[in-house]
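Secondary and tertiary structure notes
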Amino acid sequence: DTVQDLPQAAIAAAKSAGCSTVQTPADDAPGGQHLGAGQPTTYPDPLPATSGSHDPSPLPDTPHVYREVISETRAVHNLEHSFVIIYYRQSGDGALPQEVVTELEATAEAGKHVLMAPHASLPEGQAMALTAWNKLQTCGNNVTPDQAVTIAQGFIDAYVCTSNSPESAGC
């Protein structure tokens, strides 16, 4: 499938919530760059990683919602296969409010090729990050549950199982 434009409702919700526009972090993001199993790597800013070298084994399709931090090298492999991953700041200053997390969990559970997990090192001021292959959109913790779901669903509709990723076959 071809990449879709973000729905106007998602663009409006993101603007209203003070979120970023969708960024394309890397000038070049070829797929198929596998590390050795368990081999670590360091991803350049901005985090979370949206492309690059990754573990040869992706995360499983289920569960859709993780309560613990996931392996970023495995998650990048999922992005290569046309997944969208919703990351959030789980605790501390700037954490994403629980009511927003709960609504986003339902969105992730309902989606095909959608995962959600806390991220240990989102940059300051970011409470939510939406990732697809070489695509990133971020929001602060002032996003409302309705805004977060509208933004996330728009991002999912635009990028899941599309030609945006190098390996979208099998979606």
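Worth saying up front: this structure is predicted, and the values here are computed from it rather than measured. (Residues numbered from 1 in each chain as written. Predicted model: local features only at pLDDT ≥ 70, side-chain atom pairs only at ≥ 80, totals over all residues. Heavy atoms only, no water.)

**Re the overall build of the chain**
In terms of helices and strands, the chain carries four helices and four strands. Listing every helix and strand of the chain by position from the N terminus yields α-α-β-α-β-β-β-α. Since a compact globule built from 171 residues should have a radius of gyration of about 16 Å, the 15 Å found for the chain is in line with a globular shape. Considered along the principal axes of its C-alpha atoms, the chain spans approximately 40 × 35 × 30 Å. Sorting the 171 residues of the chain into buried and exposed places 50% on the buried side. (Helix = DSSP H or I, 4+ residues; strand = E, 2+ residues; numbered from the N terminus. Rg over C-alpha atoms; globule rule 2.2 N^0.38 Å. Buried < 20%, exposed > 50% of the residue type's maximum accessible area, 1.4 Å probe, protein only.)

**Topic: helix 2 (residues 72-80)**
Of all the nine residues making up helix 2, eight are buried; the element is thus mostly covered by neighbouring parts of the structure. Elements in contact with the buried residues of helix 2: strand 1 (84-88), strand 2 (114-118) and strand 3 (128-132). Where helix 2 terminates, the next one or two residues include S82, which has phi positive at roughly 75°. (Contact = heavy atoms within 4.5 Å.)

**Topic: the environment of T150**
Relative to the helices and strands, T150 resides in helix 4 (residues 145-159). Under the relative-accessibility criterion, T150 is labelled partly exposed at 30%. C-alpha of T150 to C-alpha of H64: the two residues are 86 residues apart in sequence and 18 Å apart in space. Ignoring any residue separated from it by four or fewer positions in sequence, one finds T150 in contact with A9, A10 and A13.

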